[in-house]
Amino acid sequence: MMEARVATEGARPVRVTVAWALLAAAALLVVLQGVLPDWVMRMPDGMVIPFADWINTGFSFLRDDLGLMAFTRAFAEVVEFLLDVTANLLYGKSRWPGLGPIPWVVIAGTMAVVGQVLGGWRLALLSGGTFVWIAVMGQWKWAMETLSVIVVAAPLSVLLGLALGMAAWRSRWVERLLNPLLNIAQSMPHFAYMIPVVVFIGVGPKAGAIVTIIFSVPPMIRMTMLGLRAVSPEIIESGKMCGTTRWQLMTRVRLPAARTELLIGVNQVIMQSLAMVVLASFIGMPGLGQKLLQLLQALKIGLSVEIGVTIVLLAVVLDRLSKAWAHRQPVHHEAGASFFARNRMLLIWCAVVLAGAALAQLHPYFVEVERKQALSMAGPVDAVVNGFIALISPVTDWLRWFLITWVLIPLRDSFLALPVLAVLTFLAAVGWRVGGQRSALVCLAFFLPIALSGWWDRAMITVYMVVVSVVLALVVGFPLGIFGAAQAKRAARVLLVCDTLQTFPSFIYLIPVIMLFGVNDVAVVAAVMVFATVPIVRYTIEGLRNVPPEVIEAAEMSGANRRQVLWRVKVPLAVPTLLVGANQSVMFALFMVIIAAFIGTQDLGQEMQRALSTTDVGKGLTLGFAVAFIGLMVDHLLLTWSRQRSVELRS
């Protein structure tokens, strides 16, 4: 350890010198850009590689020559059958088994019982109350269209993720194959998943369900591998001593022992499914997402807020229920307990179902609340919003003018004016400074294909928006995190708010910014900034609160005041955690920038939407890989820096 440390410290001056030399070269290229040849400014057309054509050729081969279309259509028919069943039960679509629709009072009562079983009366009230809200606001059919897809997609994702996770845990080469695929998959924007699905499946609910399955599988694979590796050897040894077979050891010992990690994976699958189902409205998926998209495009803020509240409530309920399930331990009754004692909640649920069915027989209102019977707060919300906007419009108008004229447009033009060679040299300098030659090559490996793809200008607009948004998020989020970390109770409350905000589908963040700033770059930057602030606040609090108390006590005993303890002890020791938060913030910003493209940006997201509308798989995946490569490069730099800082602190 000591020898490695000495070698690292010896190599550091060389690394710094090389990094400064590269940085000086990049700066020189920027200064001399007026006299540089064109190939330094942008890649000449002859060097642009037709990635999109190659991908389209590959897809044509898979679809037409290998017959992948037949396989995907067969799988889609199975999914469609399952969707028909849930659609019949939840909102009465005329399909087998012809039993639906289940009255809303029965579903609301069932969710209340589930909440009581998993988390007590507060969760019961939240779960049941959410479904009562959906019913009385007249949004039942839209919500059930959304849930009917989640009910099908989430279990299939869990099963697929469990199978792949077990295979990767058992076989090293499967893990090596899956890891880079998972890294890219978790960095790809949502739209990149939709385009191939539209080509192979078409549009509509089954396409929405399949893209949801694909999008939500990666976290389940990772949590399955993590959970199986965390099972203690003593438990495995105990299972073997009982004479179990390999199958029994897996199903009766390993998987039950990894229960908590697996259920956290289920929670992630459910939340990812909800986020994707809402966005799948772009490929014809009916439900709450499609309705919200239509209302936002029509700038009907009051009705948009109603739908937004419903999506948020559903996200919070699904998150709380699945987390409560993950943390709930199995209940074992005493020997000889009566049937009623062992099945008390099951009997209560049966009574709730019978009572709900009886109410539904008495009046159709308890089956489904029609729109003309529904409550609505759209009118009062519109009045309040219009009054608020009129009150602050002088400020928001000036702010929009100032930001667009003096900040955003000059910054965008500056990013676009940078020579390609200068940007690549700058990234190599940063990589060399952070992790030496290897990191410099990694940076070039991720960014050079973007330069060669022909989408450089669009990529630079995306980078400019992410940079501006993350810088603003740091300016807002870091002080908030310091404020929240000052007291234990305050930290718990702020973390609870962060937890809740992270359950919201990203689409929701567009509602308030469109309301305040309209449809322009300021709205996009504001939405991205708000979305990216949450992880910075969270990781700042966790980093500062996890500083060892004995270190703080030693600093205080040395005479350091509160400010010195914060800036000279806590913050330096929290740097590794802060860098992880910055990494998460960049990832969130990249996803949000692409989603925000539907309100009129000119970045990669805008082109991705065009590729989606023309079902151009090659173009869509090329743009998706460009976004993923930007995210993976930042991920490599920040995590390398974080690991190095952790090693330095430990030594």
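Residues numbered from 1 in each chain as written. Predicted model: local features only at pLDDT ≥ 70, side-chain atom pairs only at ≥ 80, totals over all residues. Heavy atoms only, no water.

- For the protein chain, the name recorded in an unreviewed UniProt entry is ABC transporter permease subunit, with Fuscovulum ytuae as its organism.
- Turning to the protein chain, the UniProt annotation filed under Sequence similarities (unreviewed entry) states: "Belongs to the binding-protein-dependent transport system permease family." (UniProt positions renumbered as here; feature names shortened; annotations may be inferred.)

Observations regarding the UniProt feature "domain: ABC transmembrane type-1" (unreviewed entry) in the protein chain
Part 1 of the argument: When the UniProt feature table is mapped onto this chain, "domain: ABC transmembrane type-1" (unreviewed entry) is found at residues 143-322 and 459-638.
Part 2 of the argument: Counted over residues 143-322, helix gives 85% and strand 0%. Its end C-alpha atoms are 19 Å apart. (Helix = DSSP H or I, 4+ residues; strand = E, 2+ residues; numbered from the N terminus.)

Points about the packing of helix α19 (residues 420-453) against helix α27 (residues 617-650)
Part 1 of the argument: Their axes nearest at 9 Å, the elements α19 and α27 cross at an angle of 175°. When the axes of α19 and α27 are compared, the pair comes out roughly antiparallel. (Axes fitted to C-alpha atoms, helices over the stretch in contact; angles between N-to-C directions. Parallel < 35°, antiparallel > 145°, perpendicular 65-115°, else oblique.)

Brief notes about the packing of aromatic side chains
Part 1 of the argument: Under the definition given, this model contains 17 aromatic pairs.
Part 2 of the argument: Ring geometry for Phe131 and Trp140: centres 6.2 Å apart, planes at 70°, overall edge-to-face. Here the two residues Phe131 and Trp140 agree in accessibility, since each one is buried.
Part 3 of the argument: Aromatic pair Phe415 and Tyr464: ring centres 6.2 Å apart, planes at 55°, arrangement tilted. On the criterion of sequence distance, the pair formed by Phe415 in helix α18 (residues 378-417) and Tyr464 in helix α20 (residues 456-485) is long-range, its members being 49 residues apart. Exposure class is identical for Phe415 and Tyr464. Each is buried.
Part 4 of the argument: Aromatic ring contacts, followed pair by pair, group Trp104, Tyr365 and Phe366 into a single cluster.
Part 5 of the argument: The ring of Phe483 carries the charged tip of Arg490 above its face, separated from the ring centre by 4.0 Å. (Phe/Tyr/Trp six-rings, centres within 6.5 Å; stacked < 30°, edge-to-face > 60°. Buried < 20%, exposed > 50% of the residue type's maximum accessible area, 1.4 Å probe, protein only. Lys NZ or Arg CZ within 6 Å of the ring centre and 35° of its normal.)

Things to note about helix α13 (residues 259-279)
Part 1 of the argument: Helix length check: α13, at 21 residues, gives a terminal C-alpha distance of 30 Å against a target of 30 Å (1.5 Å per residue), a fit within 8%.
Part 2 of the argument: Burial analysis of α13 places 15 of its 21 residues in the buried class, the great majority of the element. (Expected span 1.5 Å × (residues − 1).)

Concerning the nonpolar core
Part 1 of the argument: In terms of nonpolar packing, the biggest core is built from 177 residues, with Phe131, Met144, Phe447, Phe507 and Leu510 touching the most fellow members.
Part 2 of the argument: Every residue in contact with Leu510, bar those within four places of it in the chain, is listed here: Ala527, Met592, Ala596, Phe598 and Ile599.
Part 3 of the argument: Counting residues in hydrophobic clusters, the runner-up holds nine residues, among them Leu178, Ile213, Ile221 and Met225. (Core = buried A, V, L, I, M, F, W, Y, C linked by side-chain atoms within 4.5 Å. Contact = heavy atoms within 4.5 Å.)

With respect to the environment of Val197
Part 1 of the argument: Relative to the helices and strands, Val197 resides in helix α9 (residues 190-201).
Part 2 of the argument: A relative accessible area of 5% places Val197 in the buried class.
Part 3 of the argument: For Val197 and Ser232, which are 35 residues apart along the polypeptide, the C-alpha to C-alpha distance reads 41 Å.
Part 4 of the argument: For Val197, the contacting residues outside a window of four places in its chain are Gly202, Ala207, Ile210, Val211 and Ile214.

Here's the deal with the packing of helix α4 (residues 68-91) against helix α10 (residues 205-229)
Part 1 of the argument: Running from N to C, α4 and α10 point in directions that differ by 105°, and their axes come no closer than 9 Å. The angle between the axes of α4 and α10 places the two elements in the roughly perpendicular class. The segment α4 lies against α10, with Phe75, Ala76, Val79, Glu80 and Leu83 engaging Pro205, Lys206, Ala209 and Ile210.
Part 2 of the argument: Split into classes, the residues belonging to the contact of α4 with α10 amount to seven nonpolar, no polar and two charged. (Nonpolar A, V, L, I, M, F, W, Y, C, P; charged D, E, K, R; others polar.)

Some points on the side chain of Thr146
Part 1 of the argument: With respect to the helices and strands, the residue Thr146 is situated in helix α7 (residues 140-170).
Part 2 of the argument: Among the residues examined, Thr146 registers a relative accessible area of 2% and is labelled buried.
Part 3 of the argument: In terms of polar contacts, Thr146 uses its side chain to reach the backbone amide nitrogen of Leu288, at 3.0 Å. (Polar contact = N/O pair within 3.5 Å; in protein donor to acceptor, adjacent residues only side chain to side chain.)

Section: the environment of Ala532
Part 1 of the argument: Within the fold, Ala532 resides in helix α23 (residues 521-545).
Part 2 of the argument: By relative accessible area, Ala532 is classed as buried at 0%.
Part 3 of the argument: Sequence separation between Ala532 and Leu299 is 233 residues; the distance between their C-alpha atoms is 24 Å.
Part 4 of the argument: Once you skip the residues sitting within four places of it in the chain, Ala532 turns out to touch Ala473, Ser585, Phe588 and Ala589.

Some details on a nonpolar patch on the surface
Part 1 of the argument: Where nonpolar side chains cluster on the molecular surface, the patch consists of Trp398, Leu399, Trp401, Phe402 and Trp406 and spans about 560 Å² of accessible area.
Part 2 of the argument: Note on placement: Trp406 falls in helix α18. (Patch = residues over 30% accessible without salt bridge, like charges linked within 9 Å, V, L, I, M, F, W, Y side chains within 5 Å. Areas by Shrake-Rupley, 256 points an atom, 1.4 Å probe, with all protein chains shown as cover. Salt bridge = Lys/Arg side-chain N within 4 Å of Asp/Glu carboxyl O.)

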